[in-house]
Amino acid sequence: MDKSPRGLDQVMSQAASWVDAQWTTASANASRELATELAEMRRVRDQARFEKAVLLGQSPAALAQFMEFCRQGFFAEKSCENARVLSVQLKNQPALLEVLALLGPSQGSMLASELERSGEFGRAADLLEKQGAGAAGAQAALKLALLRELSGDAQAWRRSVSSLMSKVAAGSLKLSEGEEKLWLSMARDSGAIADSGASAMKGLKSAGVRGQLAEQLEQAGKGSAETRKIILGSALMTGPTWKKWVLEDLDARIASQKQIGFYGRNSKTQFERRLKSVASIAAQADLWISKGDESVRVAIASKLQGVYEDLAREIRESPIPDGIPEEAIPELKAGLDEMARPFEEKSKVYAAAVVPVADSVVAQAAHPAQSDTRQMSKAMVLLARDPDSVAVLTELRDEYRSLKKERLASYFEGRLQAGRNP
């Protein structure tokens, strides 16, 4: 066979004059020998068509021809593979997605990967879910939940996170500390905490994550004696609930020590009791300060400033006992002033720490503004065409950062890093 373009055209034309003629079709029905010859001509014609497409080389025309062959099932195995290779070489992402879908289940993993690269996060998640990704281990389950979040389908995302939570509660899914933190951030932001967060508590290994989960449950109105115990026993501040309870506890301790008066009978013993109580409060307050943020430090410092100021004032205002000579009173008051001075100095130390600071607990960003949504939609269209575009990936990362969605920004940063270090 002449495999030049002209020779292949001649072969196809000659074969078509026989294969497509009505008389040959009718005759073939009556002659087995003619039917065999016509089948051979069809094979030669089809081979020529395939060879002519091969001669088009690495070109859009060749890709278009092999894509058509693949759709028709024409030399399906070779045509689809050629279309796949050409779509990668020519960076034609839509064609690659189509041919991978045509190749069927054998290419399911690659199709899911390419759908994700193209920004088709929902379709990628659907395919991975059919392949059993949710039951394949912690990383696969978390990846599935992240894809649901990226897809923008809030209900599907919440279901995915809740499903993951149920597996943690049942003990069928073990997470590392880092994975527990990622899961908790998604459970909080998706609203899945309210679904079955309490049941997941026993499946968590990290005390810090357990504390954060207990905090989130309290804020969601799902608190219990267990969550209170976990929060107050946490090594670090867990959030607003921890702060509220700590300050309430401090207020109760301060009120209790103020009931210890030291005037009159047994004044020395009572004064020592008062000092011991104040020292105990200060020690506990220092522990809370070490666990909390700046807003906690400021709030506690303000309260302790008042404790020491009140103690110094009460010392100075101690009544003068009856029978004290008039000439001795100035010396007695000077002694009380001297006695009060250390507590005044202590109050000044705490006063210096009282500088207004905003709470460190910042609410998650609300849904993106319409202009931001439009901007990201444009970027996603570009991503579908060129999944490796550094400019598009950078734009998406920066958009999510501006929306305070660090988890999603980190996803695109990861893709950028992977591109720099293939």
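All of these numbers come straight from a predicted model, not from anything done at the bench. (Residues numbered from 1 in each chain as written. Predicted model: local features only at pLDDT ≥ 70, side-chain atom pairs only at ≥ 80, totals over all residues. Heavy atoms only, no water.)

A word on the overall build of the protein. Helix and strand content of the protein: 21 helices and 0 strands. Counting only residues that meet the buried cut, the protein has 39% of its 422 residues in that class. When the accessible surface of the protein is summed, it comes to about 23200 Å², and 53% of that surface belongs to carbon and sulfur atoms. (Helix = DSSP H or I, 4+ residues; strand = E, 2+ residues; numbered from the N terminus. Buried < 20%, exposed > 50% of the residue type's maximum accessible area, 1.4 Å probe, protein only. Areas by Shrake-Rupley, 256 points an atom, 1.4 Å probe, with all protein chains shown as cover.)

Further remarks concern the pattern of salt bridges. Using the criterion set out here, one finds 27 salt bridges in the structure. Residues R341 and E338 are paired through a salt bridge, measuring 2.4 Å at the closest nitrogen-oxygen approach. Residue R341 and its partner E338 are both found in helix α18 (residues 329-352); the two are separated by 3 residues, about one turn of the helix. When the shortest N-O distance is used, the salt bridge between R397 and D398 registers 3.0 Å. The structure contains a network of salt bridges with shared partners spanning E149, R188, D189 and R407. (Salt bridge = Lys/Arg side-chain N within 4 Å of Asp/Glu carboxyl O.)

Soluble globular proteins: nonpolar side chains tend toward being buried together. Formed by 55 residues in total, the largest nonpolar core has its most connected members in V161, L164, W183, L213, I300 and I315. Of the residues forming this core, the biggest block, 10 residues, is contributed by helix α17 (residues 294-316). (Core = buried A, V, L, I, M, F, W, Y, C linked by side-chain atoms within 4.5 Å.)

Here we take up the state of the cysteines. Applying the stated criterion to the full structure yields 1 disulfide. Bridging C70 to C80, the disulfide has an S-S length of 2.0 Å. Since a negative S-S torsion denotes a left-handed disulfide, the C70-C80 link at about 95° is right-handed. On the criterion of sequence distance, the pair formed by C70 in helix α4 (residues 60-72) and C80 in helix α5 (residues 76-89) is long-range, its members being 10 residues apart. Here C70 and C80 have matching classes, each one buried. (Disulfide = S-S within 2.5 Å.)

Although it is not a glycine, F75 sits at a positive phi angle of roughly 45°. Within the secondary structure layout, F75 lies in the loop between α4 and α5. Its identity is not glycine, yet K91 carries a phi of approximately 55°, on the positive side. Looking at the element boundaries, K91 is found in the loop between α5 and α6 (93-103).

Our focus in this paragraph is the packing of helix α15 (residues 240-258) against helix α16 (residues 267-291). Running from amino to carboxyl end, α15 crosses α16 at an angle of 170°, the nearest separation of the two axes being 10 Å. Judged on the interaxial angle alone, α16 and α15 are roughly antiparallel. Along its contact with α15, which presents W242, V246, D249, L250, R253, I254, Q257 and K258, the element α16 presents R274, S277, V278, I281, Q284, W288 and K291. Within the contact of α15 with α16, the residues separate by chemical class into 7 nonpolar, 3 polar and 5 charged. (Axes fitted to C-alpha atoms, helices over the stretch in contact; angles between N-to-C directions. Parallel < 35°, antiparallel > 145°, perpendicular 65-115°, else oblique. Contact = heavy atoms within 4.5 Å. Nonpolar A, V, L, I, M, F, W, Y, C, P; charged D, E, K, R; others polar.)

For an α-helix the count is 3.6 residues per turn, leaving residues at separations of three or four pointing the same way. Given a rise of 1.5 Å per residue, 13 residues ought to cover 18 Å, and the 18 Å separating the end C-alpha atoms of helix α20 (residues 390-402) matches this to within 8%. For α20, the set of buried residues is V392, L393, L396, R397, E399 and Y400. An end-on view of α20 places all buried positions within 160° of arc, on one side of the element. Turned more than 90 degrees away from the buried face of α20, the exposed residues are V390 and A391. Looking one or two residues past α20, K404 carries a phi angle of roughly 65°, positive in sign. (Expected span 1.5 Å × (residues − 1). Arc of directions from axis to C-beta.)

Attention shifts here to the packing of aromatic side chains. Applying the stated criterion across every chain yields a total of 13 aromatic pairs. When the ring of F262 is compared with that of F271, the centres are 5.0 Å apart and the planes differ by 75°; the resulting orientation is edge-to-face. Seen from their ring centres, Y308 and F343 are 6.5 Å apart, and the 15° between their planes marks the pair as stacked. With Y308 in helix α17 and F343 in helix α18, the pair connects residues that are 35 residues apart, well separated along the chain. (Phe/Tyr/Trp six-rings, centres within 6.5 Å; stacked < 30°, edge-to-face > 60°.)

On to the side chain of E149. In this fold, E149 is placed in helix α9 (residues 138-151). Note on E149: relative accessible area 11%, which makes it buried. Excluding residues that lie within four positions of it along the chain, E149 makes contacts with W157, M186, R407 and L408.

All right, on to α4 then. Spanning 13 residues, α4 covers 18 Å between terminal C-alpha atoms, matching the ideal 18 Å at 1.5 Å per step. Among the residues of α4, those classed as buried are A62, L63, F66, M67, F69 and C70. The buried residues of α4 occupy an angular sector of 160° when the element is viewed end-on, so they sit on one face.

This part covers the packing of helix α10 (residues 154-170) against helix α11 (residues 177-190). Two quantities define a packed helix pair, namely the angle between the axes and the distance from one axis to the other. Running from N to C, α10 and α11 point in directions that differ by 135°, and their axes come no closer than 10 Å. Between α10 and α11, the crossing angle belongs to the class labelled oblique. Seen along the crossing, α10 lies across α11 with a hand that is left-handed. Residue-level inspection shows W157, R158, V161, L164 and M165 of α10 in contact with α11, the latter providing W183, M186, A187, D189 and S190. (Left-handed = near helix turned anticlockwise from the far one by under 90°.)

For F343, a relative accessible area of 15% gives the class buried. Expressed as a C-alpha distance, the spacing of F343 and I315, which sit 28 residues apart in the sequence, is 9.7 Å. With residues near it in sequence (within four places) discarded, F343 still touches F271, L275, Y308, L311, A312 and I315.

That's the geometry; what it means functionally is another story.
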